[in-house]
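Examining the three-dimensional arrangement
For reference, the chains in residue letters:
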Amino acid sequence: MSPTPDHVRQYIADNLPCEHLEVVGDGAHFEALIVSPLFEGKRTLARHQAVYQALGDRMRAEIHALSMRTLTPSEYETTKTNG
C-alpha cells in the first residue's frame, strides 16, 4: 500500500515538533511545507536531515521522493505577511 499525504504528514508530526505542516502528493512523490522551531539557527541541509530522521526507514521503503520547504516559525510568518 502506498502512503497517502495524510500518512506522510502523520509520520513527520509524530517525530518532529511542527507549528504548521502541509503535505500533498500522489503516493510516491510528495511535497511538504514544514514549519518547526527546531529549524532555528540551522541551514537548509540540517533542516532536511531532521525531516529525514523523523521519517526514518520510511524514506527508503515507502516514500520515493519528497520535496520540502522547511521554515522556522518567524520565516513562515514573514512569508504569510509578504505573500
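Attention here is on the structure that accompanies the text. Predicted model, so just to flag it, every value in this text is computed and none were measured. (Residues numbered from 1 in each chain as written. Predicted model: local features only at pLDDT ≥ 70, side-chain atom pairs only at ≥ 80, totals over all residues. Heavy atoms only, no water.)

This part covers the environment of Asp26. As for its placement among the helices and strands, Asp26 is situated in the loop between β1 (20–25) and β2 (29–35). Of note is the side chain of Asp26, whose polar atom sits 3.0 Å from the backbone nitrogen of Ala28. At 2.8 Å, the side chain of Asp26 and the backbone nitrogen of His29 are in polar contact. (Helix = DSSP H or I, 4+ residues; strand = E, 2+ residues; numbered from the N terminus. Polar contact = N/O pair within 3.5 Å; in protein donor to acceptor, adjacent residues only side chain to side chain.)

For the rest of this paragraph, the subject is the side chain of His48. Structurally, the position occupied by His48 is in helix α2 (residues 44–55). Beyond its immediate chain neighbours, meaning those up to four positions away, His48 contacts Met68 and Thr70. (Contact = heavy atoms within 4.5 Å.)

Turning our attention to the sheet that holds strand β3 (residues 65–71). Taken in spatial order, the three strands make up an open sheet running β1-β2-β3, and their pairing is mixed. This sheet does not close on itself; its edge strands, each paired only once, are β1 and β3. On average, each strand axis in the sheet is inclined to that of its neighbour by 10°, with strand direction left out of account. Pairing analysis gives seven bridges linking β2 to β3, with the strands arranged parallel. Along β3, the bridge assignment pairs Ala32 with Met68. Here helix α1 (residues 5–15) sits on the sheet in contact with β1 and β2, set at roughly 145° to β1. Packing of α2 onto the sheet brings it into contact with β2 and β3, and relative to β3 it is tilted by some 125°. (Pairing = 2+ DSSP bridges. Axes fitted to C-alpha atoms, helices over the stretch in contact; angles between N-to-C directions.)

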